Amino acid sequence: MDLLKQEDKESLKNHACPESESFQCLLECATNKTKLVGKDGKPDYDAFEEEVNKSSAPEDKKEKILSKAKTCFSNCK
């Protein structure tokens with residue numbers, strides 16, 4: 001079963017935040033399970049940054065991920 005709609009996939013390929021309800025639900029579940037959402041219900045960029053920096057990704061990839069993520073996190077309500 002394909003969980004992501006085609007427009008979600010295209011958004012992700014373009015480093016944009018997908019807006020579909022199904023993707024938002026998936027994202028909420030994933031961030032809750034990984035403790036990337038604070039007690040206030042808002043995304044915790046610092047926790048995300050910590051997880052990215054612990055990863056084995058090359059430094060240039062980490063910087064790109066964090067740059068794009070910062071935009072997404074700051075746009076979240």
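Not measured: the values here are computed from a predicted model.

Definitions and limits used
Residues numbered from 1 in each chain as written. Predicted model: local features only at pLDDT ≥ 70, side-chain atom pairs only at ≥ 80, totals over all residues. Heavy atoms only, no water. Helix = DSSP H or I, 4+ residues; strand = E, 2+ residues; numbered from the N terminus. Rg over C-alpha atoms; globule rule 2.2 N^0.38 Å. Contact = heavy atoms within 4.5 Å. Areas by Shrake-Rupley, 256 points an atom, 1.4 Å probe, with all protein chains shown as cover. Salt bridge = Lys/Arg side-chain N within 4 Å of Asp/Glu carboxyl O. Buried < 20%, exposed > 50% of the residue type's maximum accessible area, 1.4 Å probe, protein only. Core = buried A, V, L, I, M, F, W, Y, C linked by side-chain atoms within 4.5 Å.

Q: An account of the overall build of the protein is requested, with residue identities and associated values reported.
A: Secondary structure summary: the protein contains four helices and zero strands in total. Going from the N terminus to the C terminus, the protein shows its helices and strands as α-α-α-α. Computed over the C-alpha atoms, the radius of gyration of the protein is 13 Å, within 12% of the 11 Å expected from 2.2 N^0.38 for a compact globule of 77 residues. Judged by the C-alpha coordinates and their principal axes, the protein covers about 30 × 30 × 25 Å. Across the protein, contacts joining residues at least 24 apart in sequence account for 22% of those joining residues at least 6 apart. Split by element, the accessible area of the protein, about 6,200 Å² in all, is 53% carbon and sulfur.

Q: I'd love a proper account of the pattern of salt bridges, names of residues and values included.
A: With the rule as written, the count across this model stands at four salt bridges. Linking K13 and E10 is a salt bridge whose minimum nitrogen-to-oxygen distance equals 3.6 Å. With a gap of three residues between them, K13 and E10 both fall in helix α1 (residues 6-13), about one helical turn apart. A relative accessible area of 58% places K13 in the exposed class. For E10, a relative accessible area of 35% gives the class partly exposed. A cluster of three or more residues bridged by salt bridges with shared partners is formed by E50, E51 and K54.

Q: I'd love a proper account of the nonpolar core, names of residues and values included.
A: The biggest cluster of nonpolar side chains holds eight residues, and these are L36, Y45, A47, F48, V52, L66, A69 and F73. Looking at this core, the elements that each hand over two or more residues are α3 (45-54) and α4 (59-75). Sorting elements by how many residues they give to this core places α3 first, with four residues. Not counting chain neighbours up to four residues away, the residues in contact with F48 comprise L36, I65, L66, A69 and F73.

The values reported here are purely geometric and, on their own, carry no functional implication.
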